[in-house]
Amino acid sequence: MSPSGRPWPLSLMFLLGMGMASERINCPSRCSCQYLEVNCTGQQLQEFPAAIPLDTRQLILAANNVSYLPAVELSFLADLVYLDCRKNLLGDDLDFTFIGVAKLVYLDLSFNNLTQVTFSTFSHLLSLVVLKMSDNPNLVTIEKDAFANNTWLRHLDVSRTGLTFLDTSTVRDLPNLRFLGLSDNLWHCNCSFLDFITWMTESNIRFPDADNITCYTPEGLHALKMPAVEAQLHFNCLTQLYKQDYIFLCLIGFCIFFAGTVAAWLAGICAVIYKVHTSKGEEGRGEAEEDTVT
């Protein structure tokens, strides 16, 4: 019994009912809400849901038709640490989209229509640890400094995308990286990619599904595993000369020959001028001596 004489269970039931009603009011339509979590999986949403509780820590938007993430609405969720947007229609430009969710630790953008990643895409996610971008077939470009500010990144997956090249410094300069997914991409294993393949063989990073990290082009290296192709690329790039190399060497040789010829010609002219000048000087002294004797 309470000091007022009323039973405690009735008061507790009233408070619990108020809390549940408040939760239902604040939960977005067609989504389920638990403590600090909003789950909108598979609800065929066309747009980012409205009325998300501001204290949400985990937001799941998987398996919908969302094509745009509004930066302003996201910025209201300042405590968000987990965002799952896999299997949506996100694409084109995501620059500055995540500017207001600096506490984000986990971000899943797999199975979307991403086309590029620039420095401005994730530069504000200073706490990001897991980033999944696999199965984006239109993702063809990741800029060299795309993850320059994501120094806590441990898990990065770019498998099954349209990537043909990835600069070594993009991932080498991530001090905490431990997991890197690269399988089933269209890697172009030319001489420019040799440095990346060498880094793969020397690093301590785990590469899942390593058997499917293969070269797509050129034709002579198609389907060869990337670490194993390192020796072939070393031979092709460091010991074998191509047509343009021979042309370059011929041009260098011609320039050296031409420069030597011009230098010899100038030296010859200078020698002749010097000889003529000295001979005239000697003749002048001889005539002076004859005048003195006379």
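Residues numbered from 1 in each chain as written. Predicted model: local features only at pLDDT ≥ 70, side-chain atom pairs only at ≥ 80, totals over all residues. Heavy atoms only, no water.

**Quick look at the pattern of salt bridges**
This structure, assessed with the given rule, holds five salt bridges. Close ionic contact of D173 with R172 constitutes a salt bridge, the shortest N to O distance being 3.8 Å. One salt bridge connects K225 with D211, and the closest N-O pair in it is separated by 3.0 Å. Residue K225 is found in the loop between β14 (215-217) and α6 (230-238), and its partner D211 is found in the loop between α5 (194-202) and β14; the two are separated by 14 residues along the sequence. (Salt bridge = Lys/Arg side-chain N within 4 Å of Asp/Glu carboxyl O. Helix = DSSP H or I, 4+ residues; strand = E, 2+ residues; numbered from the N terminus.)

**Quick notes on the sheet that holds strand β11 (residues 155-157)**
The eight strands are arranged β1-β2-β3-β4-β6-β9-β11-β12 in an open sheet whose pairing can be described as mixed. On the outer flanks of this sheet lie β1 (32-34) and β12 (179-181), each paired with one strand and no other. This sheet shows a mean twist of 5° between the axes of neighbouring strands, independent of strand direction. Bridge analysis of strand β6 (residues 106-108) against strand β9 (residues 130-132) gives three bridges, and the strand direction is parallel. When the sheet's bridge partners are listed, D108 is paired in β9 with K132. (Pairing = 2+ DSSP bridges. Axes fitted to C-alpha atoms, helices over the stretch in contact; angles between N-to-C directions.)

**Let's talk about the side chain of T56**
Tracing the sequence through the fold places T56 in the loop between β2 (37-39) and β3 (58-60). On the basis of relative accessible area, T56 is assigned to the buried category, the value being 1%. Those residues within four positions of T56 in sequence are excluded, and the remaining contacts are L36, V38, D79 and L80. (Buried < 20%, exposed > 50% of the residue type's maximum accessible area, 1.4 Å probe, protein only. Contact = heavy atoms within 4.5 Å.)

**A closer look at the environment of R160**
Following the sequence through the fold, R160 ends up in the loop between β11 and α4 (168-172). Sequence-wise, R160 and D135 are 25 residues apart; in three dimensions their C-alpha atoms are separated by 4.8 Å. When near neighbours in sequence (up to four residues on either side) are disregarded, R160 contacts S134, D135, N136, P137, S183, D184 and N185.

**Examining the state of the cysteines**
Evaluation of the coordinates by the stated rule reveals four disulfides. Between the sulfur atoms of C31 and its disulfide mate C40 the distance is 2.0 Å. For the disulfide bridge between C31 and C40, the dihedral angle about the S-S bond is near 110°, and by the sign convention the bridge is right-handed. The exposure class of C40 is buried, given its relative accessible area of 0%. Residue C189 pairs covalently with C215 via a disulfide, S to S 1.9 Å. Handedness of the C189-C215 disulfide follows from its S-S torsion of about -95°: it is left-handed. (Disulfide = S-S within 2.5 Å.)

**Here we look at the environment of S159**
Along the chain, S159 falls in the loop between β11 and α4. Of the residues examined, S159 reaches a relative accessible area of 4% and is grouped as buried. With residues near it in sequence (within four places) discarded, S159 still touches S134, D135, G181, L182, S183 and N185. Of note is the side chain of S159, whose polar atom sits 3.4 Å from the side chain of S183. (Polar contact = N/O pair within 3.5 Å; in protein donor to acceptor, adjacent residues only side chain to side chain.)

Shape is all these values report; function is a separate question.
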